[in-house]
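The residues making up each chain are set out below.
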Amino acid sequence: MPRLSTRDLATLRELTEQLRTWVEGAPPALEQVLPTVQALLDADAMVSYGVRVEEARVRLDFLHTRGLAPEAPAIIAAFFEHAPVSFGHFDALAPEPWQRNVPRTLADLHAHGRPTPASLQRLYEQLGIADKDQLRVLVCEGSTLLCWFGALRAEPFGPRERQLLARLTPELRQRLARERALRLERLKASALDVALEALPSASYLVTGSGEVLHANAAGLAQLAREGPSVREELRAAIAAATDGEGAANGTPPGYRLTRIEAPGQAPSFMAVRELPDADLSQRVERMAHRWGLTARQREVLAGLARGHSNRALSQSLGCAEKTVEVHVSAVLEKSGVSSRTALLARFWGP
């Protein structure tokens, strides 16, 4: 194993710091490090990409290139429009252990019985890199492929470049794993928003001490109108549900609680405000009068307030879903809003 120069080690430290630093709104980390890695490896070009497998097909998730022709990204994207799972030298669904997080050259792959598939060879010819050597690493988290990250040049890559990429790979893996976790958290947050807005009445994500962490539109309207009393009601409901009296008598009228537990976190609750049918009917009548709804539109509003879908409304009203859609559109127009979410916020508002 060759001894790395002081300059090589300094560049590795620079790359490590760059990969460990999170700057909100900055370009993707892989795109940022490509120029430095290209210089470090004395490469003619750099490529990094991620894929996902859907229905036995491979889809391109992201792509960053440097040193290739301007039309290269479009050519690569077109290739992945019809690429099978076995498009390359590895299993895209779960790369083999000997390929994970270990720098490999084309010679290594061929020696392991992985010749370049004909379709991939044609891609290399289109990109003008068929005569170039590759040094790449499949950056993986467990068996999950996070990224293909590699360098290309006319001269074969040697032990120095292999060692440099091997030293860089753990930092690439940690950064990509953090980015993947962040995407999942954002997806979960979006899913929470959708789930809360689908609830027909004021709904809250609340800590065990009664602190409101999140609320749907109807809940935000209720908090703006009567915040202190809402928070007191939530604290009372949680206290009654978690002590002995709550276990015996259930949650006090007003909120339906669902306990949420996550490893390493204190329990929290989903609290959905519930009104007796009589109160709901009174509110429906009041809002229907305010908005000038017809009798059928009043029935549709009552169903929407209870969280019913168009299909459920069509079954309960004995009409086609298309007819329900017409009534829903009329209710939205008369109430002065453009979505069901906004309708429920106005319905439960003052």
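Quantities reported herein were computed from a predicted structural model and do not represent experimental measurements.

Caption draft 1: Representation of the overall build of the protein in the model. In terms of helices and strands, the protein carries 13 helices and nine strands. A globule of 350 residues ought to have a C-alpha radius of gyration of about 20 Å, yet the protein, at 29 Å, is considerably larger. When burial is assessed residue by residue, the protein has 41% of its 350 residues classed as buried. Here the contacts in the protein between residues at least 6 apart in sequence split such that 56% fall between residues at least 24 apart. For the protein, the accessible surface area stands at approximately 18,300 Å², while carbon and sulfur atoms represent 53% of it. In the protein, which carries 42 positive and 41 negative side-chain charges, the distance between the mean positions of the two groups comes to 1 Å.

Caption draft 2: Molecular detail of the packing of helix H3 (residues 72–80) against helix H5 (residues 118–127). Relative orientation of the contacting elements H3 and H5 amounts to 165°, with a least axis distance of 10 Å. Looking at the two axes, H3 sits roughly antiparallel to H5. The two elements H3 and H5 cross, and the hand of that crossing is right-handed. For the pair formed by H3 and H5, the contact residues are Ala72, Ile75, Ile76 and Phe79 on the first element and Ser119, Leu120, Leu123, Gln126 and Leu127 on the second.

Caption draft 3: View of the confidence of the model for the protein. Mean pLDDT over the protein: 86, with 94% of residues reaching 70 or higher. The least confident element of the protein, judged by mean pLDDT, is helix H8 (residues 244–249) at 43; the most confident is strand S3 (residues 104–105) at 96. Below a pLDDT of 50 lies the segment residues 244–252, which in the model reaches twelve contacts outside its immediate sequence neighbourhood of four places, other chains included.

Caption draft 4: Focus on empty space enclosed by the protein. A complete count under the given rule lists one cavity of 30 Å³ or more for this structure. Here the largest cavity is characterised by a volume of approximately 230 Å³. As for the largest cavity, its lining consists of 20 residues, and the residues nearest its centre are Tyr49, Leu120, Leu123, Tyr124 and Trp148. Of all the secondary structure elements, the ones that give two or more residues to the lining of the largest cavity are strand S1 (45–54), H3, H5, strand S4 (133–141) and strand S5 (144–153). Classifying every residue of the lining of the largest cavity by side-chain character gives 16 nonpolar, three polar and one charged.

Caption draft 5: The arrangement of the sheet that holds strand S7 (residues 212–215) in detail. Across the sheet, four strands lie side by side as S7-S6-S9-S8; this open sheet has antiparallel pairing. Here the strands that pair on one side only, and so sit at the sheet edges, are S7 and strand S8 (255–260). Averaged over all adjacent pairs, the angle separating strand axes in this sheet is 20°, with direction ignored. As judged from the six bridges shared by S8 and strand S9 (residues 268–273), these two strands associate in the antiparallel manner. Bridge pairing in S9 links Arg256 to Val272.

Caption draft 6: Focus on helix H12 (residues 321–335). Over its 15 residues, H12 runs 21 Å from end to end, which matches the ideal 21 Å to within 8%, given 1.5 Å per residue. Of the residues making up H12, those classed as buried are Val324, His327, Val328, Ala330, Val331, Leu332 and Ser335.

Caption draft 7: Structural detail: the nonpolar core. Counting 37 residues, the largest nonpolar core has Tyr204, Tyr255, Leu301, Leu343 and Phe347 as its most contacted members. For this core, the element with the most residues is helix H7 (residues 217–242), which contributes six residues. The contact partners of Leu301, leaving out residues within four places of it in the chain, are Val284, Met287, Ala288, Trp291, Leu293, Val331, Leu343 and Phe347. Within the second largest apolar cluster, 26 residues are counted, among which are Val37, Leu135, Ala151 and Leu165.

Caption draft 8: Layout of the pairing of S4. Counted residue by residue, S4 has eight buried out of nine residues, so it is predominantly covered. Where S3 and S4 come together, two bridges link them in antiparallel fashion. Directly across from Thr105, in S4, lies its bridge partner Leu135. Between the antiparallel neighbours S4 and S5 lie two residues, among them Gly142 with a positive phi of about 65°.

Caption draft 9: Looking closely at the pattern of salt bridges. Tallied over the full model, the rule gives 15 salt bridges. Between Asp42 and Arg160 there is a salt bridge, and its shortest N-O distance comes to 3.5 Å. Note that Asp42 is positioned in the loop between helix H2 (29–40) and S1 and Arg160 in helix H6 (residues 159–198), a separation of 118 residues in sequence. Exposure remark for Asp42: the relative accessible area of 45% places this residue in the partly exposed category.

Caption draft 10: Up close: the side chain of Ser203. Take Ser203: it is sitting in strand S6 (residues 203–207). By relative accessible area, which is 0% here, Ser203 ends up buried. Not counting residues within four places of it along the chain, the set of residues in contact with Ser203 comprises Leu196, His214, Ala215, Asn216, Gly219, Ala271 and Val272.

Caption draft 11: Main features of the sheet that holds S3. The five strands lie next to each other as S2-S1-S5-S4-S3, forming an open sheet whose pairing is antiparallel. Looking along the sheet, the strands with just one partner apiece sit at the ends: strand S2 (57–66) and S3. Against the sheet, H2 engages S1, S2 and S5, with an angle of about 55° to S2.

About the cut-offs
- Residues numbered from 1 in each chain as written.
- Predicted model: local features only at pLDDT ≥ 70, side-chain atom pairs only at ≥ 80, totals over all residues.
- Heavy atoms only, no water.
- Helix = DSSP H or I, 4+ residues; strand = E, 2+ residues; numbered from the N terminus.
- Rg over C-alpha atoms; globule rule 2.2 N^0.38 Å.
- Buried < 20%, exposed > 50% of the residue type's maximum accessible area, 1.4 Å probe, protein only.
- Contact = heavy atoms within 4.5 Å.
- Areas by Shrake-Rupley, 256 points an atom, 1.4 Å probe, with all protein chains shown as cover.
- Lys, Arg positive; Asp, Glu negative; His and termini not counted.
- Charge placed at Lys NZ, Arg CZ, Asp CG, Glu CD.
- Axes fitted to C-alpha atoms, helices over the stretch in contact; angles between N-to-C directions.
- Parallel < 35°, antiparallel > 145°, perpendicular 65-115°, else oblique.
- Left-handed = near helix turned anticlockwise from the far one by under 90°.
- pLDDT = per-residue confidence, 0-100.
- 1 Å grid on protein atoms, 1.4 Å probe; cavity = no way out; pocket = protein on both sides within 12 Å on 5 of 7 lines; lining within 4 Å.
- Points joined across faces, edges and corners; volume = space filled by probe spheres on them.
- Nonpolar A, V, L, I, M, F, W, Y, C, P; charged D, E, K, R; others polar.
- Pairing = 2+ DSSP bridges.
- Expected span 1.5 Å × (residues − 1).
- Core = buried A, V, L, I, M, F, W, Y, C linked by side-chain atoms within 4.5 Å.
- Salt bridge = Lys/Arg side-chain N within 4 Å of Asp/Glu carboxyl O.

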